[in-house]
Amino acid sequence: MRSSGDRRRFGIGTALGAVPLLASALVLATLLAPPAAARDFPLPPLPNEADIYPFVPVPVPAKDTWYDDPADFGSLNNGDIIRTREIQTYFLAIPIPVYAKQLLYRSTDARGNPLATATTVLVPGIPWIGPGERPLISYQEAIDGLGSHCNPSFTIRTGLMKETSLMGQFLAAGMAVTMPDFDGKKNTIMSPSEGYMVLDGIRATQRAGMGLERAPIGMWGYSGGGNSTASAAEAHGSYAPELNIRASAQGGVPGDKVEIAPFAMSGKQFQANFTGWLAVSGLAREYPDFDEVLRSNLTEDGLRVLEDLSDRCLYTTFFTTLPRPVGEYLKDQAVLQNPVLQRVLRESSLGQPAVMPRMPILMWHSTTDQLLPAEFASDPVAAKYCAAGVELRYIKVPATEHISAEIIPELGTVAWLTAVVAGADPGPRVC
């Protein structure tokens, strides 16, 4: 447990283009130096992502009235469109030559309350030359951030969306893409509502009059995007059974939160510290009772870390938490066994018997994942899927870690999803 005398300034981040040399130095130091205790780790007062966005000529979502909730949710069904706008998308400073439209739509949080979130629909100018209607891919980026400016509806307009080149492979094949802000405006990471927002984003896309009403659908996501993709695959049968979702490709999935939590909070693998902080921060925003238990059990310094992370995106969250495992900021290590925390972790986990996927599934995971070890994250879910008769293909990627396990099998996972959505046989199951 950290003492309340730990009074360093919290937060370390890249200013993206503003501080590339300093960011490179930090990465090099991370690779060459062993993990150090937080009290011994000098942290320069660097800005977070939110500090550079005033210099970007696009208003952040918090200051953009387009994202505002409607006056009355009562007249809207899930997936109904609140408002739309045409936008220009960028990769760095280069315009992406596709038609792009953003939809603000109604969805639901994990407690049944209505919410408004956005999806960005991209349609290439080239035709679909495969069989049938132009397919629609719901692409879930690994958002992994706690500020609304981390969401793809903003970053794709500023040229800073992390997975543009990967997502672009579907566009290059003539497929349309819808890319939802699946954590909503509050960025409730790891909540079951991620799946609802993905499915309602697909509904909104097919209701937008863009010629995609009868499109066959596929879903793709990795890591945090894999969690939302898998959540949508599970919720599909009960929440949105009318959607013609033909397959789901989901990798690096943090599936069993009950098993992952002790590892992610322990500090045993310092690179995994950020996953623990992201999960507890996101779930606390969705579940008030979880938030109450968490805050009452964090030290004073832990509360300061939680506040510091409140609007950070992936990169600066990673560096901020690198020497700070959640467990060392808890007053009582046994709090993980608290009934409220256990209930929320179970509800947020995949593999629930009542909501098994009803479509072909491709899952993959690194054999040596340092952030989300497969034995905690995805192996238990795969076992439950097999026992329930899910049409599963589960691939272990050797000689990789978390990031490379997304990149190395990338072409194969994109090709599999493209083929299956176009009507091809999904291939043999693993169980």
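Before reading further, recall that the structure is shown in the block above.
The written sequence of each chain sets the order in which its residues are numbered from 1. Totals for whole chains, interfaces and linings use all residues, but because this is a predicted model, local features are given only for residues with pLDDT of at least 70 and pairs of side-chain atoms are given and counted only at 80 or more. Here the side-chain values reflect all heavy atoms present in the structure, with hydrogen atoms and water set aside.

Right, let's get into the sheet that holds strand β8 (residues 217-222). Strands qualify as paired when DSSP identifies two bridges or more between them. To qualify as a helix, a DSSP run of H or I must reach at least 4 residues; to qualify as a strand, a run of E must reach at least 2; elements of each kind are numbered from the N terminus. Taking strand neighbours across the sheet as the criterion, the 9 strands line up as β1-β4-β5-β7-β6-β8-β9-β10-β11 in an open arrangement whose pairing is mixed. Both edges of this open sheet fall to β1 (81-86) and β11 (392-397), since each of them pairs with a single strand only. Each strand axis lies, on average, 20° off the axis of its neighbour in the sheet, ignoring direction. It only takes one pair of heavy atoms within 4.5 Å for two residues to be counted as in contact. Interaxial angle, 0 to 180 degrees, is taken between N-to-C directions of lines fitted to C-alpha atoms, where a helix line uses only the stretch in contact. Of the strands in this sheet, β9 (245-251), β10 (361-366) and β11 touch helix α14 (residues 379-388), which is tilted by about 155° from β11.

As a further point, take the pairing of strand β6 (residues 136-140). By the criterion of burial, β6 is predominantly enclosed, with 5 of the 5 residues buried. Note on classification: 1.4 Å probe, protein chains only; a residue is buried when its accessible area is under 20% of the maximum for its type, exposed when over 50%, partly exposed between these limits. Of the two faces of β6, the one carrying Leu136, Ser138 and Gln140 and the one carrying Ile137 and Tyr139 are both buried. Bridge analysis of β6 against strand β7 (residues 176-180) gives 3 bridges, and the strand direction is parallel. When the bridges of β7 are listed, serine 138 appears paired with threonine 178. Bridge count for β6 against β8 is 5 bridges, and the pairing is parallel. Residue pairing for β8: glutamine 140 is matched across the bridge by glycine 221.

Time to look at the pattern of salt bridges. The salt bridge definition used is simple: a Lys or Arg side-chain nitrogen within 4 Å of an Asp or Glu carboxyl oxygen. The final tally for this structure, using the stated rule, is 17 salt bridges. When the shortest N-O distance is used, the salt bridge between lysine 185 and aspartate 69 registers 2.6 Å. Of this pair, lysine 185 sits in the loop between β7 and α5 (193-206) while aspartate 69 sits in the loop between α2 (49-52) and β1, and the two are 116 residues apart along the sequence. Using a relative accessible area of 34% as the deciding quantity, one classes lysine 185 as partly exposed. Relative accessible area serves as the criterion here: at 42%, aspartate 69 is assigned to the partly exposed category. Of the charged contacts in the structure, one is a salt bridge between aspartate 301 and arginine 304, with a shortest N-O distance of 2.8 Å. Of this pair, aspartate 301 and arginine 304 both sit in helix α10 (residues 300-308), 3 residues apart, which is roughly one turn of the helix.

Moving on to the side chain of serine 349. Among the structural elements, serine 349 can be located in the loop between α12 (339-348) and β10. For serine 349, a relative accessible area of 8% corresponds to the buried category. Polar contacts, as used here, are pairs of N or O atoms within 3.5 Å; protein pairs need one atom able to donate a hydrogen and one able to accept it. Residues neighboring in sequence count only if both atoms are side-chain atoms. Side-chain polar atoms of serine 349 contact the backbone oxygen of leucine 345, separated by 2.7 Å. Sequence-distant contacts of serine 349, defined by excluding residues within four places in its chain, comprise Gly255, Asp256, Lys257 and Val258.

In this section: the packing of helix α9 (residues 288-297) against α12. At a closest axis distance of 9 Å, the pairing of α9 and α12 adopts a crossing angle of 135°. Here α12 runs oblique to α9, going by the angle between their axes. Note on packing geometry: the crossing formed by α9 with α12 is left-handed. Two secondary-structure elements touch here, α9 through Asp289, Phe290 and Val293 and α12 through Val340, Leu341, Arg343 and Val344. Considered class by class, the residues forming the contact of α9 with α12 number 5 nonpolar, no polar and 2 charged. Relative orientations are named as follows: roughly parallel for angles under 35 degrees, roughly antiparallel for angles over 145 degrees, roughly perpendicular for angles from 65 to 115 degrees, and oblique for any other angle. Crossings are sorted by hand: turned counterclockwise from the far helix by less than a right angle, the near helix makes the crossing left-handed, and turned clockwise it makes it right-handed. Each residue gets one of three labels, nonpolar for Ala, Val, Leu, Ile, Met, Phe, Trp, Tyr, Cys and Pro, charged for Asp, Glu, Lys and Arg, and polar for the others, Gly among them.

Classification of ring pairs uses Phe, Tyr and Trp, with its six-membered ring standing for Trp, and accepts pairs whose centres are within 6.5 Å; under 30 degrees between planes counts as stacked, over 60 as edge-to-face, and the remaining range as tilted. Applying the stated criterion across every chain yields a total of 11 aromatic pairs. Ring centres of phenylalanine 274 and phenylalanine 318 lie 5.6 Å apart, and the angle between their planes is 75°; on these two criteria the pair is classed as edge-to-face. Within this pair, whereas phenylalanine 274 is found in helix α8 (residues 273-286), its partner phenylalanine 318 is found in helix α11 (residues 314-321), the two being separated by 44 residues in sequence. Across the pair, phenylalanine 318 and phenylalanine 274 agree in class, each one buried. Plain terms: the ring middles of phenylalanine 318 and phenylalanine 319 are 5.3 Å apart, the flat faces sit at 80° to each other, and that makes the pair edge-to-face. With relative accessibility at 9%, the residue phenylalanine 319 sits in the buried group. Pairwise contacts between aromatic rings join Tyr139, Phe170, Trp220, Tyr222 and Trp364 into one cluster. Working rule: Lys NZ or Arg CZ, within 6 Å of ring centre, within 35 degrees of ring normal, means a charge sits over the ring. Seen from the ring of tryptophan 66, arginine 85 lies directly overhead, with NZ or CZ sitting 4.2 Å from the centre.

Further remarks concern α12. Along α12, the residues that are buried comprise Leu341, Gln342, Val344, Leu345 and Ser348. Take α12 and look down its axis: the buried residues cluster within an arc of 165°, on one side only. Buried residues in α12 make contact with α7 (257-266), α8 and α9. The residue sitting at the N-terminus of α12 and contributing the capping side-chain oxygen is asparagine 338; that oxygen lies 2.8 Å from the backbone nitrogen of valine 340. By construction, the arc corresponds to the directions joining the helix axis to the C-beta atoms.

Definitions used throughout: a 1 Å grid over protein atoms alone; a cavity as a set of points that fits a 1.4 Å probe which cannot get out; a pocket as an open set with protein on both sides within 12 Å along at least five of seven lines; a lining residue as one with an atom within 4 Å of a point. Grid points are joined across faces, edges and corners, and a volume is the space filled by probe spheres set on the points. A full pass over the atoms with the stated rule returns 4 cavities of 30 Å³ or more. There is about 130 Å³ of room inside the largest cavity. Lining the largest cavity are 15 residues, with Lys257, Ile260, Ala261, Thr275 and Ala279 sitting closest to its centre. Of all elements in the fold, only α7 and α8 reach the threshold of two or more residues within the lining of the largest cavity. Grouping the constituent residues of the lining of the largest cavity by class yields 12 nonpolar, 2 polar and 1 charged. Lining the second largest cavity are Met265, Val280, Phe290, Leu294, Val326, Leu330, Val335, Leu336, Leu341 and Leu345. Breaking the lining of the second largest cavity down by element, the ones donating at least two residues are α9 and α12. Across the lining of the second largest cavity, the residue classes tally to 10 nonpolar, no polar and no charged.

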